[in-house]
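Analysis of the macromolecular model
In case you want the letters, here they are:
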Amino acid sequence: MKNRVKIKRIIAWLITVPLTVLVIQVCGHVMDPAYSSAGFDTIEAFHKIEDNTLDVMIYGSSRAWKGCDTTVMADEYGLSAYNYGCNWQAINTTALFLQDSLLTQTPKVVCIETGLVDDIEKNKGMDGQIYYTKVMPNSQAKKDFLRQCFGKDPEKWLSYYVPLIVFHNNWNKITYESFHSTGYQYYLDSRGYAAGSSVKDVKIPDYHTFKQTELSEDSLQALDKIVAACKEKGVQIIFYTAPIAEEYDHIDALKAYAEKNGCVYLDIFEYADEIGIRGDTDFQDETHLNTSGAAKLARFLSEYIIAHYNVPHTVS
């Protein structure tokens, strides 16, 4: 009889513990920060792509993710392109996305948007852009990124793996969308691009008047990681700054960095008129291009890539 009781307790324990862990994980996911599910989906979509099939990749914050239509690059120019941008990509997060992608792809050219080049995830608590890296495979680059974000704080590390702890205050923000996501198939179909068709009339400022500042040491270190990873694989780099309805203060510093490191830097503020990007038709808000603007930028980058690099394409 005693043995039967022990067996029943062991069985109950074996059922209860995994079920409790599952409930905690599910509850934590439901209370994720708003929009982090899109980060999960776009990362998952990328890792569904067959290895070594991409020649051109886009990286950066939502200004890249929403601002460069890689379907245009593929459909109109025959470029095997993918947009691996995502919300809130600080420059060290962009470096992680690049390093993650180079584990399975060897693009000939990468285009790295620099809107958040002066933003670094460092010594911070959990937020959306750190959390959505959970779905990336474990790698040394990911470990280094998390170490930079969390340091040696055990609570921060625990929050990454048990999100209910850090996101419990989001219970009063739960909506229908908390239980649903777009799904990775959407981003596979769109080649990673997150389209936005709304139109907002904005004023693009005159780039000639922008005050300029130097890049921080942390930013330079993140850029150095990007350059080193690409040089190791023989990948060409184009840094670019997408136009927004705000001033941008790192144009001169990025030009100097690109020249020093054998890269290209394109200030799209300078090329906006040539590309045809207009404030009254091509923005969905002050900092993001809409589908019209994203298509124009994609055509410009495609033509630049075809003119300057030996990349397979179908447009002569």
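Rules and cut-offs
Residues numbered from 1 in each chain as written. Predicted model: local features only at pLDDT ≥ 70, side-chain atom pairs only at ≥ 80, totals over all residues. Heavy atoms only, no water. Patch = residues over 30% accessible without salt bridge, like charges linked within 9 Å, V, L, I, M, F, W, Y side chains within 5 Å. Areas by Shrake-Rupley, 256 points an atom, 1.4 Å probe, with all protein chains shown as cover. Salt bridge = Lys/Arg side-chain N within 4 Å of Asp/Glu carboxyl O. Buried < 20%, exposed > 50% of the residue type's maximum accessible area, 1.4 Å probe, protein only. Helix = DSSP H or I, 4+ residues; strand = E, 2+ residues; numbered from the N terminus. Pairing = 2+ DSSP bridges. Right-handed = clockwise from strand over helix to strand, strands pointing away. Phe/Tyr/Trp six-rings, centres within 6.5 Å; stacked < 30°, edge-to-face > 60°. Contact = heavy atoms within 4.5 Å. Polar contact = N/O pair within 3.5 Å; in protein donor to acceptor, adjacent residues only side chain to side chain. Axes fitted to C-alpha atoms, helices over the stretch in contact; angles between N-to-C directions.

1. Overview of a nonpolar patch on the surface
A cluster of nonpolar side chains, namely Ile7, Ile11 and Ile15, defines an oily patch on the protein surface of about 280 Å² accessible area. Taking the relative accessible area as the measure of exposure, Ile11 reaches 43% and is therefore partly exposed.

2. Description of the pairing of strand 5 (residues 264–267)
Regular strands have side chains that alternate between both faces of the sheet. Side-chain alternation along strand 5 places Val264 and Leu266 on one buried face and Tyr265 and Asp267 on a second face that is also buried. Sheet analysis places strand 4 (residues 236–241) next to strand 5, joined by four bridges and oriented parallel. Bridge assignment links Tyr240 to a residue of strand 5, and that residue is Leu266. Since strand 4 and strand 5 lie parallel, the crossover through helix 12 (residues 251–260) that links them has a hand, and here it is right-handed.

3. So, the packing of aromatic side chains
Enumeration over the complete set of coordinates arrives at 15 aromatic pairs. Ring geometry for Phe46 against Tyr84: centres 4.3 Å apart, planes inclined by 25°, an arrangement best described as stacked. Of this pair, Phe46 sits in helix 2 (residues 36–46) while Tyr84 sits in the loop between strand 2 (81–83) and helix 5 (91–101), and the two are 38 residues apart along the sequence. For the pair formed by Phe46 and Tyr84, the shared burial category is buried. With a centroid separation of 5.1 Å and 40° between ring planes, the pair formed by Tyr271 and Phe300 is classed as tilted. Of this pair, Tyr271 sits in helix 13 (residues 268–275) while Phe300 sits in helix 14 (residues 291–308), and the two are 29 residues apart along the sequence. Phe300 gets classed as buried once you look at its relative accessible area, which sits at 12%.

4. Quick look at the environment of Asp282
Its place among the elements puts Asp282 in the loop between helix 13 and strand 6 (283–285). In this structure, Asp282 is in contact with Gly276, Ile277, Leu289, Asn290, Ser292, Gly293 and Lys296, ignoring residues within four places of it in sequence. A polar contact of 3.2 Å, which involves the side chain of Asp282, links it to the side chain of Thr281. Separated by 2.5 Å, the side chains of Asp282 and Ser292 make a polar contact.

5. As for the sheet that holds strand 2
The pairing of strands in a sheet happens through backbone hydrogen bonds and is either parallel or antiparallel. Taking strand neighbours across the sheet as the criterion, the five strands line up as 2-1-3-4-5 in an open arrangement whose pairing is parallel. Because the sheet does not close on itself, it has two edges, and the strands there are strand 2 and strand 5. Each strand of the sheet is rotated relative to its neighbour by a mean of 20°, with strand direction disregarded. Of the strands in this sheet, strand 4 and strand 5 are in contact with helix 12, which crosses strand 5 at around 160°.

6. Topic: the environment of Asp280
Among the structural elements, Asp280 can be located in the loop between helix 13 and strand 6. For Asp280, a relative accessible area of 35% corresponds to the partly exposed category. Every residue in contact with Asp280, bar those within four places of it in the chain, is listed here: Val199, Asp201 and Val202. A distance of 2.7 Å separates polar atoms of two side chains, one belonging to Asp280 and the other to Arg278.

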